[in-house]
Amino acid sequence: GAADVQMQSPPGAPQLAIRFRHDALARWGLAPGDVLDTIHTAYEGSVAGEIYEGTRSYEVAVMVDPALRRNVAAVGSLPIRNAAGVFVPLRDVADIVQTSGRYVILHDGAKRVQTVTCNVAGRDVNSFVAEARRTVGARVPLRQGTYVQFTGAAEAQARSRRDLLVHSTIAGIGILLLLLIVLGNVRNLLLVAVNLPFALVGGVVALFISRGELSVGSLVGFVTLFGITLRNSIMMISHYDHLVSVDGLEWNRSTAIRGASERLVPILMTSIVTALGLLPLALGSGSPGREIEGPMAIVILGGLITSTALNLLVLPALALRYGRFERSVRP
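Residues numbered from 1 in each chain as written. Predicted model: local features only at pLDDT ≥ 70, side-chain atom pairs only at ≥ 80, totals over all residues. Heavy atoms only, no water.

With respect to the nonpolar core
The biggest cluster of nonpolar side chains holds 19 residues, and the ones touching the most others in it are Met 236, Ile 237, Tyr 240 and Trp 251. Among the elements that make up this core, the one with the highest residue count is helix α8 (residues 216-245) (six residues). (Core = buried A, V, L, I, M, F, W, Y, C linked by side-chain atoms within 4.5 Å. Buried < 20%, exposed > 50% of the residue type's maximum accessible area, 1.4 Å probe, protein only. Helix = DSSP H or I, 4+ residues; strand = E, 2+ residues; numbered from the N terminus.)

A look at helix α7 (residues 195-209)
Given a rise of 1.5 Å per residue, 15 residues ought to cover 21 Å, and the 22 Å separating the end C-alpha atoms of α7 matches this to within 8%. The inward-facing, buried residues of α7 contact α6 (186-193), α8 and α11 (293-313). Of the residues flanking the end of α7, it is Arg 211, one or two places downstream, whose phi is positive at about 60 degrees. (Expected span 1.5 Å × (residues − 1). Contact = heavy atoms within 4.5 Å.)

Digging into a nonpolar patch on the surface
A surface patch of nonpolar side chains, amounting to about 840 Å² of accessible area, comprises Leu 264, Val 265, Leu 268, Met 269, Ile 272, Val 273, Leu 276, Leu 279 and Leu 283. Considering the arrangement of structural elements, one finds Val 265 in helix α10 (residues 264-283). (Patch = residues over 30% accessible without salt bridge, like charges linked within 9 Å, V, L, I, M, F, W, Y side chains within 5 Å. Areas by Shrake-Rupley, 256 points an atom, 1.4 Å probe, with all protein chains shown as cover. Salt bridge = Lys/Arg side-chain N within 4 Å of Asp/Glu carboxyl O.)

Focus: the pairing of strand β3 (residues 46-53)
Walk down a regular strand and you will see the side chains alternate between the two sheet faces. Among the eight residues of β3, zero are classified as buried, and the element is accordingly described as predominantly exposed. Of the strand pairs in this sheet, β3 and strand β4 (residues 56-62) are connected by seven bridges, and their pairing is antiparallel. Pairing of Gly 49 across the sheet is with Val 60, part of β4. In sequence, β3 turns back onto β4 through a hairpin of two residues, with Gly 54 there showing a positive phi of about 70 degrees. (Pairing = 2+ DSSP bridges.)

Considerations on the environment of Arg 112
Considering the arrangement of structural elements, one finds Arg 112 in strand β9 (residues 111-113). Apart from residues lying up to four places away in sequence, Arg 112 is in contact with Ile 105, Leu 106 and His 107.

None of the figures reported here should be taken as evidence of function without further support.
Written as structure tokens, this is what we have:
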């Protein structure tokens, strides 16, 4: 599923590698740090003093002749002086080879970074990242101090899903507590919540038919769908309670049918208007810029079909069997 794989810092820039032979350094009495300082001074320059002209100051740098700095072959002839004052050519204590290095060395948080980017085609990002973690962990040997980190769209989606689930759970618990206070008994609360699986089935089926994935957009769609479904259920159950407690009707089959018929138009209008508003987003879900709205609209449309039908057909029967509605006691 990986497409357009690129390295942000590809190899290919020519560089000169100087690898010390530590036995030769020890034989000549040279310390690696002193040799590195000499190489740095010769080819990068070291500040030896300052010159002042009025209020301006100029640094004086020491380095080898520019003609020698451009000659690769002359690097091995660079004289290195040991503590005894003996000059040793650099080639006698080090191997000098020309290699290809990175075009640029990237850093993040004072650490060297190599970034590999890719697009995911033909599959969802979550399964791709999971397989990439397993494959990289099993096949890519890492040096000590080196580690792999997966970032980008996968990390952002995981963080958004986690935040959405946590906040939705907290909000859902609060809503259920408020409904319990308003409805007065647990049975009616369960009747209101029983429509949620109906909506979930429709959303999952619509997502499966459209070959979608469980993304942030689809999760937002499920949260929105549950809200619409709960509203329709509350309309039905609260109307039943009104017919019994206020109008004084007996809770029986005819009352259940009457309540469902009187709530038929409001529930249908709510669902149809919502579906018509989301239909353009669902039809253009594959267009660029609709990565969030497209899956959300598909989930809501699928869930509205099943929840509305079952809310009008199944919920009245469940309410007749398990509902508890009592007349209000008037003084």
